[in-house]
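Structural overview for review
Each chain, written out:
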Amino acid sequence: MNNNSLISRLSIHLLRSPARMSILGFALLIAVGTALLMLPASAAGPPMGFVDALFMSTSASCVTGLSLVDIGRQLTLFGQIVILMLIQVGGLGILTISTLLLMMMKGRPTLSGQAIIKDTFTYGEGKQTVVSVLRAIFITAFAIEAAGALCLYLRTAPTAGWGQAAYPAVFHAVSAFCNAGFSLYPDSFVSYREDWIVNGVLCLLIVIGGIGFVVIADVKNRFLSKSAPMKRLSLHSRLALSASALLILLGTLAILYMEWNNTLAPLSVPGRLLAALFQSVSARTAGFNTLDMGIMANETLFMLCILMFIGACPGSCGGGVKTTTVAGLAVLGVSRLRGFSRPQVFRRTLTEASMSKATSVVMISAAAITLAIMVLMISELGGISHTRTRGRFLELFFETISAFGTVGLSTGITDTLTSFGRLTITALMFIGRLGPMVVGLAVSRERINRFQFAEENIMIG
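Cut-off values and rules
- Residue numbers restart at each chain and count upward from 1, following the sequence in its written direction.
- Predicted model: local features are reported for residues with pLDDT of at least 70 only, side-chain atom pairs are reported and counted for 80 or more only, and whole-chain, interface and lining totals are derived from all residues.
- The basis for every side-chain value is the complete set of non-hydrogen atoms in the structure, without hydrogens or water.
- To count toward a patch, a residue needs a relative accessible area above 30% and no salt bridge. Like charges then connect within 9 Å, nonpolar side chains (Val, Leu, Ile, Met, Phe, Trp, Tyr) within 5 Å.
- Surface accessibility in these figures is a Shrake-Rupley result with a 1.4 Å probe; residues are shielded only by whichever protein chains are displayed.
- Each reported salt bridge corresponds to a side-chain nitrogen of Lys or Arg within 4 Å of a carboxyl oxygen of Asp or Glu.
- By definition, any uninterrupted DSSP run of H or I lasting at least four residues is a helix, any uninterrupted run of E lasting at least two residues is a strand, and each is numbered from the N terminus.
- To sort residues, take the accessible area from a 1.4 Å probe on protein chains only and compare it with the maximum for the residue type: under 20% means buried, over 50% means exposed, and anything in between is partly exposed.
- Pairs of residues are marked as contacts when any of their non-hydrogen atoms sit within 4.5 Å.
- For helices, the fitted line uses only the C-alpha atoms of the stretch in contact; every axis is such a line through C-alpha atoms, and the angle between N-to-C directions lies from 0 to 180 degrees.
- Note on angle classes: values under 35 degrees are labelled roughly parallel, values over 145 roughly antiparallel, values of 65 to 115 roughly perpendicular, and the remainder oblique.
- Side-chain classes follow a simple rule in which Ala, Val, Leu, Ile, Met, Phe, Trp, Tyr, Cys and Pro form the nonpolar group, Asp, Glu, Lys and Arg form the charged group, and the remainder, Gly included, forms the polar group.
- Joining through side-chain atoms within 4.5 Å is the link that ties buried Ala, Val, Leu, Ile, Met, Phe, Trp, Tyr and Cys residues into a set, and such a set is a nonpolar core.
- Each residue carries a pLDDT score, the predictor's own confidence in it, on a scale running from 0 to 100.
- Crossing handedness: left-handed means the near helix sits turned counterclockwise from the far one by under a right angle, and right-handed means the same turn made clockwise.

Some details on a nonpolar patch on the surface
Taken together, the side chains of Leu28, Val32, Leu36, Leu39 and Phe78 present a nonpolar region at the surface, about 410 Å² in accessible area. The element best represented in the nonpolar patch is helix H2 (residues 18–37), accounting for three residues. Its place among the elements puts Val32 in helix H2.

Written out as C-alpha cells, the structure is:
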C-alpha cells in the first residue's frame, strides 16, 4: 500500500465522522495558536515555553479564560491579537469553520455532517440549508459583537481616550460574546464593578452568546419576522430561556446572601446588587469577575462550581453540561414525583432519547471531572498530609470545574500548577469545549446491534 493510498484512507476515516472532524479541527487550531504564542513577537518578555503556550492556546481556542500570564502586560499586541483570533474561531465553533472551508473549495459536507450542523443550530426542524445556517451564524455573531464593542467604546472613551479605547472595546466585546472571559485588565473588571453601563453591556453579550444560535434565531423568527405570523417558541427555546433566567436569579440571590458581609461589603447597596448579578451571569460560562474570587466564602465557591458545571445552552459559545440537560433531568424528577411516567413540561413530553442523552452527558462529565481532580491532587498534593494542605482541595476542585465548563474563573492558583497539572487542565478544557460525548463518539467504533439480550430488572435505590 503506497503512502498516497494510506493518507487517502486515513482522511476518509477522519472526515466521515463529524465528531472526529471537530476534534481534528480544534487540535489544528490549538497547534497553530501554540506555535504563534511561542514566537518571540508574542511575549513582552522571554518567549513562552511549549507547555505554557499550549495551555494559553487551548484556553483561548476553547473560550475558557484561564490564563498563566497577564495578557495586557505580558503579551505584545501581536500576542493579544493571536488570543483574540483563537477566541473568535473557537467561539463560533471549528465545525462551522471547517464546513465553510469545504464549501469554499467546492466540496460538499457529508450527510452526517449536515445533520450535525442542522441539529446543532436548527434543532432538527428547520428547512435551512447548511450555507444559510452558516451565513446566519456569522452575520448574527459579528453584528452583536460590533454593537457591544460600540457601546463599550462610547462608555470608556471619555476616560481612557478616544483613540485608546477602541481596541479594548473590541477585544472585550468578542471575549464576552464568545463567553471566553479573557480581559486586558489585570483585575478583570473589578475597577468597573459599580459601572452599570459596562456591566450591563457585558451581561447582555454573555447571555446572548450563551443561549445559543438556535434560541437567537427562534426568538428572531417568532417575534421580529414580519413575513410570518407570531408563533410559539419551540420547546427547546422555552426550556433554555427559562432555565437560564432561573439560574441567573438564583445565583444572584445566593451571592447576595453569602457575600453580603464579605466581598460585597465595600460596595453600596445598588453596587452589591449589580456585582452579584454580574457574577451570577459570568459564572456559568464567561469567566469575567468584578469580585475577588480568592477571598470568597467556601459556600459561594461551591455554589459557583454548580453554576459552572451546568454552563450555557446547547449550540452556544459556552461549555458545561448545558442548561437544557439539567433542566430535562429536573423535569424528569419532578414529573416522577407528581406520578407521571414520562417527563412533561410546557404541555410537551420529553423524548426518551433526550433523557438518555442527558443522563449520559452528566455521567460522562462527572467521570471526567472526578478523574481530573484525582490526577491534580496527585500531581499537586501527592504525599502531603491534608493538615498541611487545607483549602487546596476546594481550590483544585474549583479550577477543575472551571476548566471543564470552559468558564475561566480561578481562585488564583492557575500559575502555581506544575507542568503536569497544567497539561491536565489543558486536556480538561479540550474535553469540556467539545463535549464529553463528542470525544467519546470520536474514539469509539460504530457497531450495529444485530440482536438484543433478554431484559431483566435490578434493584435500584
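Observations concerning the environment of Leu54
Relative to the helices and strands, Leu54 resides in helix H3 (residues 50–61). By relative accessible area, Leu54 is classed as buried at 18%. For the pair Leu54 and Leu423, spaced 369 residues apart in sequence, the C-alpha to C-alpha distance is 8.4 Å. In this structure Leu54 touches Ile30, Thr34, Leu423 and Thr426, once residues within four positions along its chain are discounted.

Section: the packing of helix H9 (residues 166–177) against helix H10 (residues 196–211)
Packing of H9 against H10 brings their axes to within 7 Å, and their N-to-C directions diverge by 40 degrees. Between H9 and H10, the crossing angle belongs to the class labelled oblique. Contact residues: His172, Ala173, Ala176 and Phe177 in H9; Leu202, Leu205, Ile206, Ile208 and Gly209 in H10. Per-class residue counts for the contact of H9 with H10 are seven nonpolar, two polar and no charged.

Looking at the pattern of salt bridges
On inspection of all chains with the given rule, the structure shows four salt bridges. Put simply, Arg422 and Asp52 hold a salt bridge, and the shortest N to O gap is 2.6 Å. With Arg422 in helix H18 (residues 419–434) and Asp52 in helix H3, this residue pair connects regions lying 370 residues apart in the sequence. You can call Asp52 partly exposed: its relative accessible area is 26%.

Describing the nonpolar core
Ranked by internal contacts, the top residues of the largest apolar core, which has 100 residues, are Met56, Ile83, Ile87, Phe182 and Leu304. Considering each element in turn, this core owes the most residues, nine residues, to helix H8 (residues 130–160).

Quick word on the confidence of the model for the protein
Across the protein, the average pLDDT comes to 83, with 82% of residues at or above 70. Counting contacts from residues 98–107, a segment whose pLDDT is below 50, to residues more than four positions away or on other chains yields 13 contacts.

Details of the packing of H3 against H18
Across the interface, H3 lies against H18 with an axial gap of 9 Å and an inter-helix angle of 25 degrees. Between H3 and H18, the angle falls in the class roughly parallel. Along this stretch, H3 crosses H18, giving a crossing that reads as left-handed. Contact residues: H3 offers Val51, Asp52, Leu54, Phe55, Thr58 and Ser59, while H18 offers Ser419, Arg422, Leu423, Ile425, Thr426, Met429 and Phe430. Here the residues of the contact of H3 with H18 are counted per class, giving seven nonpolar, four polar and two charged.

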